[in-house]
Amino acid sequence: MGYLPYDPIAEAVAAALSALNDGRLPSRIETKRVDFKEERGRRDRNGNVLAGQTRNEEAADHLAGELACLANTLGGGAIILGVSNTGERIGTALDAEWLRHRIWELTGHALTVSIGEVRLDGVRLLVLSAHQALAPVRYRGRLQWRIADNCVEVDATLWHQEARRRAGYDWSADRSGHGVGEASAIAVEIARRYLRAAGDDAANDLASAPTPDFLRRLNLVAADDRLTNAGALLFVATPEVGIDYIRRDVPGGDRTTRVRGKGPLLEQLNYVDEASALANRIVGRTNQGFAEGQIHAIPSRALREAVVNGVVHRDWRSPQPTTVEHIGDQLTVSSPGGFVDGIEPSNIITHPSAPRYRSLAEAIAALRLAEREGVGVDRMVRDMLALGHRAPEITVVDGPYVRVSLVGGVPDAAVLGLFAALEPRSAANDVDVVLLLTRLLHTGWVDVRVAQPILQRGRAETEAAIARLEEARVDKGPVIVKVSRIPRGEPTAWRLSDAMRDRLAASHRPLANADEREAMLLNWARQRGRLSTSEASDLARVSVVYAGELLRGLEDRQLLAPGRANRGGRGFFYVPMER
C-alpha cells in the first residue's frame, strides 16, 4: 500500500483485515482508528446488492464526512470500504483517483486522503486513510472528531485547544522500521558530497563524521537506533516512486531521458540533479552579479529549488510521485498534496516557514540542499526575474497537487546588465527590489497600494522596499524617480528615471509603441481613479500637448471620460469608463 513500515494507521488496517479474515464481525474489530463501511447506494429497496459503478456520488458524499471526522481525530484513521456490518464482502468498483479527488472537492479542498486497494477472498476493497489534519476539516459546516468508534460534533475552541497540545507532532520524526545499518552507503556519500560543495567549516565537519554519528547529527535517528521516517526516506527508500523526471527536447517530442525509482530519496535527487543539469542548456556567460559564470536557460538554483521543494513539502503519505517535466527550456514540478494551511500563491513569498514535515525539511537544509527557513520561493522568483524571465507560476491543481512552472530561455541582456550594475550590490539580491523593477519594466509605474500584493507585504514593509529602490543607483544615477505633477493629496507614485528608460529602452514595455503607452495610461487611470494630461506627459514621456491628444483619443473610444462636465479649469483630469 506504499506506507513506510511502522505507520500506525497501516498497522491498524492490517490488524483489522486479519481479524476480519479470521471471521470476527466488523463491530468487534472497529476502533477509534479503523472503521468498516459498505458503499452507500449499492442496495435496492429489498436490500439486494446492486452492481458497483466506478463513480457513486452518494458514497463519496458519505465517505467525505466520515473521513473528515477521522482527520480531525488525534492520529487520524482509515475506512475499509466494501464490507457490510455482518462482515459480508460486498466489494467496490469505485475508481480510486476519482474518489480521492471528489472527497477533496467535497471537503472544500481541505482533505487529501490516501487510497489503497486490497483483495480479501478475491473481493476488491478500498482502504481510505485520512492522516491527522493540521487544521480543522469541516464538512457541510460541521466539525466532528472520533470518540471510541463514533463521530461526534466538537466545538471549534476545544479542537484548537487539543491541536495546540499536539502541535509538536511531526510524522517525519516518527520511528521507521529501518535501522541505522540499513542506510545506503551511496546515499550517505551523496549527502557528504553536497556538504563538501557548500565549502564552510560546519558543513565539512559534518561531512567527515562516521556514518552513525553523521545520521544522528542530522536528527534522523530515534532513541533505539531506528531511523526516523525522514531518515528512511532519505537514506533507505521511498515507499513508492519518489520522483518521476521526464525530459523532452520539445513539446510533444519523444522522451529522451527518464529518471524513476524507489531507492533512497537522496539518490533519486542526485540522479535528477545530474539529468536536469545536463539538459539545461548554457545560453551565455557573465562575470558580474549573482549569475557570475555560465548562464543556463533555467537558473540552476531555481531549478534545484523547485525540485527539492517538490519532494520536501509534498504529502509523503500519498503514493503518487513528484513529477518533474523538463521540456525544452521549461520545467514543471507537480507534487502531491495541497499547500499547508495558511499558505497560498498570494502569500507564498513571505509566509513564515510552515513545513509539512519539519524533521525532513531541517535535514534537507542541513545538507545544504534547500533553505532552512521559508520554502525557497523568494530565491526562485529573484533568480528568474533577474534574467528577464517570467516569475515562477505556482498553482494548486486537481488532485490536489502543487504545481511550480519555470519558463526559461535566453536572458534579457538589458535586464541582466541592470542587475549587474545595481548599487549597492545587496539590491540585486533583494527580492523586493527585483519585483518592483519587474513591475516598472512591465507597467511603467508603481505606488504603495499597487506594490503591496506584488511584494506580498503590508504597507510599512512595502514603503521600506520602495525606499530601498529609491536609494539604489546605476552609474551613480537614480534608478527610479517620483512621477511628477501628481495633485496634492493623491498618493505618490514612481517610475524609472529617464536614464534608466534610455538604458532599458528595448525591455521597457510601456514605451515600446503606441498601444503599450495607451495600456500604461489606462492602467494608471483604472488603478488610481483619475489621470491628468500632466501625469500622462510624465508617464508617457511626451509633451503635455501630445498627452492631451492621447487622452482625447481614449475618450473618443469611450475608455476615459472627463472628470468635469465643463472640461475646463486648472487640474482638469479624466476618469476611467466602467468596463
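A quick note: this is a predicted structure, and the numbers were derived from the prediction, not measured.

(A) View of the sheet that holds strand β24 (residues 573-576). Taken in spatial order, the 3 strands make up an open sheet running β22-β24-β23, and their pairing is antiparallel. Every other strand in the sheet has two partners, leaving β22 (531-532) and β23 (560-562) as the edge strands with one partner each. Sheet topology note: the β22/β24 ladder contains 2 bridges and is antiparallel. Bridging across to β24, Leu531 finds its partner in Tyr574. Strands in contact with helix α21 (residues 544-556) are β22, β23 and β24; relative to β23, the strand with the most contacts, it is inclined by about 105°.

(B) Structural view of the packing of aromatic side chains. All chains considered together, the criterion is met by 4 aromatic pairs. Between Trp445 and Trp524, the ring centres sit 4.9 Å apart and the planes meet at 65°, which makes this aromatic pair edge-to-face. Here the residue Trp445 occupies a position in the loop between α15 (431-443) and β17 (446-447), and Trp524 occupies one in helix α19 (residues 514-528), the gap between them amounting to 79 residues. A residue is classified by how much of its surface remains accessible, and Trp445, at 0% relative accessible area, is buried. For Trp524, a relative accessible area of 0% corresponds to the buried category. Geometrically, the ring pair formed by Phe572 and Tyr574 is edge-to-face, given 5.2 Å between the ring centres and 70° between the ring planes. Since its relative accessible area comes to 15%, Phe572 is described here as buried. Residue classification places Tyr574 among the buried positions, given a relative accessible area of 2%. Here Arg530 stacks its cationic end above the ring of Phe573, 4.2 Å away from the centre of that ring.

(C) A look at the environment of Val483. The residue Val483 is located in the loop between β20 (480-482) and β21 (493-496) in this model. In this structure Val483 comes out as buried when scored by relative accessible area, which is 6%. The sequence separation of Val483 and Ile349 amounts to 134 residues, and the corresponding C-alpha distance is 28 Å. Aside from chain neighbours lying at most four places away, what touches Val483 is Ala493, Trp494, Arg495, Trp524, Asp538 and Leu539.

(D) Structural view of α21. Over its 13 residues, α21 runs 18 Å from end to end, which matches the ideal 18 Å to within 8%, given 1.5 Å per residue. Where α21 is concerned, the buried positions are Ala547, Gly548, Leu550, Leu551, Leu554 and Glu555. The buried side chains of α21 occupy one side of the element, clustering within an arc of 160° when seen end-on. In α21, those exposed residues whose orientation departs by more than 90 degrees from the buried face are Val545 and Asp556. Elements in contact with the buried residues of α21: α19, β22, α20 (533-540), β23 and β24. With its phi angle positive at about 60°, Gln558 sits one or two positions after the end of α21.

(E) Just the nonpolar core, in detail. The biggest cluster of nonpolar side chains holds 96 residues, and the ones touching the most others in it are Phe214, Phe235, Leu422, Leu437 and Val479. No other element matches α15, which puts 8 residues into this core. Filtering out sequence-adjacent residues up to four positions away, Leu422 remains in contact with Ala427, Ala428, Val433, Leu437, Ala472, Arg473, Val474 and Val479. One finds Ile103, Ile115, Leu126 and Ala130 within the second-largest nonpolar core, a separate group that totals 23 residues.

(F) Representation of the side chain of Asp447 in the model. Mapped onto the fold, Asp447 is located in strand β17. Classification of Asp447 as buried rests on a relative accessible area of 3%. Reaching out from Asp447, the side chain makes a polar contact with the side chain of Arg528 at a distance of 2.8 Å. Excluding residues within four positions of it along the chain, Asp447 makes contact with Ile466, Thr492, Ala493, Trp494 and Arg528.

What counts and what doesn't
- Residues numbered from 1 in each chain as written.
- Predicted model: local features only at pLDDT ≥ 70, side-chain atom pairs only at ≥ 80, totals over all residues.
- Heavy atoms only, no water.
- Pairing = 2+ DSSP bridges.
- Helix = DSSP H or I, 4+ residues; strand = E, 2+ residues; numbered from the N terminus.
- Contact = heavy atoms within 4.5 Å.
- Axes fitted to C-alpha atoms, helices over the stretch in contact; angles between N-to-C directions.
- Phe/Tyr/Trp six-rings, centres within 6.5 Å; stacked < 30°, edge-to-face > 60°.
- Buried < 20%, exposed > 50% of the residue type's maximum accessible area, 1.4 Å probe, protein only.
- Lys NZ or Arg CZ within 6 Å of the ring centre and 35° of its normal.
- Expected span 1.5 Å × (residues − 1).
- Arc of directions from axis to C-beta.
- Core = buried A, V, L, I, M, F, W, Y, C linked by side-chain atoms within 4.5 Å.
- Polar contact = N/O pair within 3.5 Å; in protein donor to acceptor, adjacent residues only side chain to side chain.

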